[in-house]
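Reading the structure
In case you want the letters, here they are:
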Amino acid sequence: MSYSSQNNFFAQAYRTGTDAWSAIPFTRRAHELGLYLPHGALVLDIGAGRGRLLFDLAELGFRAIGLENNPELIARGNNEILAKNLDKDLRFLHGDALNIPLADQSFDGASDIGLLHHVLPQDYPTYVSEVARVLKPGAFFFLVVLSKNTPNYLSWKPQKSEAADYEKEGVHYHFFSDDEIKKLFEKDFEIRHIDHDTPFGPKDADFAVVLLKKK
Ligand SMILES: C[S@@+](CC[C@H](N)C(=O)[O-])C[C@H]1O[C@@H](n2cnc3c(N)ncnc32)[C@H](O)[C@@H]1O
């Protein structure tokens with residue numbers, strides 16, 4: 001799998017309206033950030049997609065930047081922000097989660113709904129150090145990833161299999177165990193909770209819903 005095949009898949013799905021993940025209802029869970037962050041806090045949404053979480057974050061009283069590596073979504077998203085008169089609070093930014101073009105310790109919070117499980121395992125240390133770098137100490141990070149508890153997804157059976165990595169149509173999928181999530185983040189973050197959600201029912205994808213606090 002190369003990142004270019006994956007990026008092409010995402011871009012094509014957004015163009016054709018087949019980006020089914022944009023309907024998976026996790027943005028409501030991200031509202032939990034509202035319990036921990038003060039009004040006006042600055043949040044980075046990593047892999048922001050169509051920006052559905054950004055608009056919710058503005059409603060919650062936050063300022064937010066949506067980081068996306070798909071340039072078509074940046075122009076479209078920033079036009080939508082202008083049309084909704086939210087340009088004082090929101091912005092889409094073109095950039096790579098593995099090389100975030102933003103200053104150290106500049107955010108009070110961050111979120112990633114559905115990007116990390118598409119990052120190649122050898123790049124996890126870079127991903128974690130980039131997210132940790134842009135967050136202030138004490139900042140909160142809300143993360144949703146595919147879980148190894150998944151009984152069945154796209155005809156794969158990660159729960160019953162040794163394998164955690166799969167590929168389809170040029171896209172990489174990793175199914176995380178809770179222990180793996182803890183080990184990955186424990187140096188830079190306190191794990192506040194990991195719980196599980198099965199938005200398509202118990203026989204389909206299981207997602208780990210994780211709240212972390214930057215040390
Ligand atoms: C599964 S989608 C999730 C989108 C959004 N978070 C949501 O829940 O609707 C993953 C998104 O990450 C973006 N993406 C993939 N690799 C990226 C990278 N290295 N840096 C920034 N964004 C990336 C894709 O273009 C896609 O919009």
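Described below are features of the structure shown in this document. Only a predicted model underlies this, so the values are computations on that prediction, with no experimental measurement involved.

1. Quick notes on the overall build of the chain
Secondary structure assignment for the chain yields seven helices and nine strands. Computed over the C-alpha atoms, the radius of gyration of the chain is 16 Å, within 12% of the 17 Å expected from 2.2 N^0.38 for a compact globule of 215 residues. Summarising its shape, the C-alpha atoms of the chain cover approximately 50 × 40 × 30 Å along the three principal directions. Going through the 215 residues of the chain one by one, you find that 50% of them count as buried. Sequence separation of 24 or more characterises 69% of the internal contacts of the chain that already satisfy a separation of 6 or more. Element-wise, carbon and sulfur atoms account for 51% of the exposed surface of the chain, whose accessible area totals about 10000 Å². Computed over 24 positive and 30 negative side-chain charges, the separation of the two mean positions in the chain equals 2 Å.

2. Section: the nonpolar core
Ranked by size, the top nonpolar core spans 37 residues in total, and within it L33 and F142 carry the most contacts. At the level of secondary structure, the elements contributing two or more residues to this core comprise helix 1 (3–16), helix 4 (52–59), helix 5 (71–83), strand 3 (90–94), strand 5 (135–146), strand 7 (171–174) and strand 9 (207–214). Considering each element in turn, this core owes the most residues, five residues, to helix 4. For F142, the contacting residues outside a window of four places in its chain are F26, R29, A30, E32, L33, A110, S111, D112, I113, V209, V210 and L211. A97, A132, V145 and F189 belong to the second largest nonpolar core, which has 33 residues in total.

3. Side note on the packing of helix 6 (residues 124–134) against helix 7 (residues 178–185)
What describes two packed helices is the angle between their axes and the distance between those same axes. In the contact formed by helix 6 and helix 7, the axes pass within 10 Å of each other and the chain directions differ by 60 degrees. With respect to each other, helix 6 and helix 7 are oriented oblique. Each of Y124, Y127 and V128 in helix 6 lies in contact with helix 7, whose residues at this interface are E180, L184 and F185.

4. Observations concerning the environment of V43
The topology assignment puts V43 in strand 1 (residues 42–46). You can call V43 buried: its relative accessible area is 0%. Sequence-wise, V43 and S111 are 68 residues apart; in three dimensions their C-alpha atoms are separated by 7.5 Å. Excluding its chain neighbours within four sequence positions, the residues that come into contact with V43 are L33, L37, L57, F62, R63, A64, I65, F107, G109, A110 and S111.

5. Considerations on the sheet that holds strand 4 (residues 107–113)
Pairing is mixed in the open sheet, where seven strands are placed in the order 3-2-1-4-5-9-8. Two strands close off the open sheet at either side, each with one partner strand: strand 3 and strand 8 (189–197). Ignoring strand direction, the axes of neighbouring strands in this sheet form an average angle of 15 degrees. In this structure, strand 1 lies alongside strand 2 (residues 63–68), joined through five bridges in parallel fashion. When the sheet's bridge partners are listed, V43 is paired in strand 2 with A64. Strands strand 1, strand 4, strand 5, strand 8 and strand 9 of the sheet are contacted by helix 6, whose axis makes an angle of about 140 degrees with strand 5.

About the criteria used
Residues numbered from 1 in each chain as written. Predicted model: local features only at pLDDT ≥ 70, side-chain atom pairs only at ≥ 80, totals over all residues. Heavy atoms only, no water. Helix = DSSP H or I, 4+ residues; strand = E, 2+ residues; numbered from the N terminus. Rg over C-alpha atoms; globule rule 2.2 N^0.38 Å. Buried < 20%, exposed > 50% of the residue type's maximum accessible area, 1.4 Å probe, protein only. Contact = heavy atoms within 4.5 Å. Areas by Shrake-Rupley, 256 points an atom, 1.4 Å probe, with all protein chains shown as cover. Lys, Arg positive; Asp, Glu negative; His and termini not counted. Charge placed at Lys NZ, Arg CZ, Asp CG, Glu CD. Core = buried A, V, L, I, M, F, W, Y, C linked by side-chain atoms within 4.5 Å. Axes fitted to C-alpha atoms, helices over the stretch in contact; angles between N-to-C directions. Parallel < 35°, antiparallel > 145°, perpendicular 65-115°, else oblique. Pairing = 2+ DSSP bridges.

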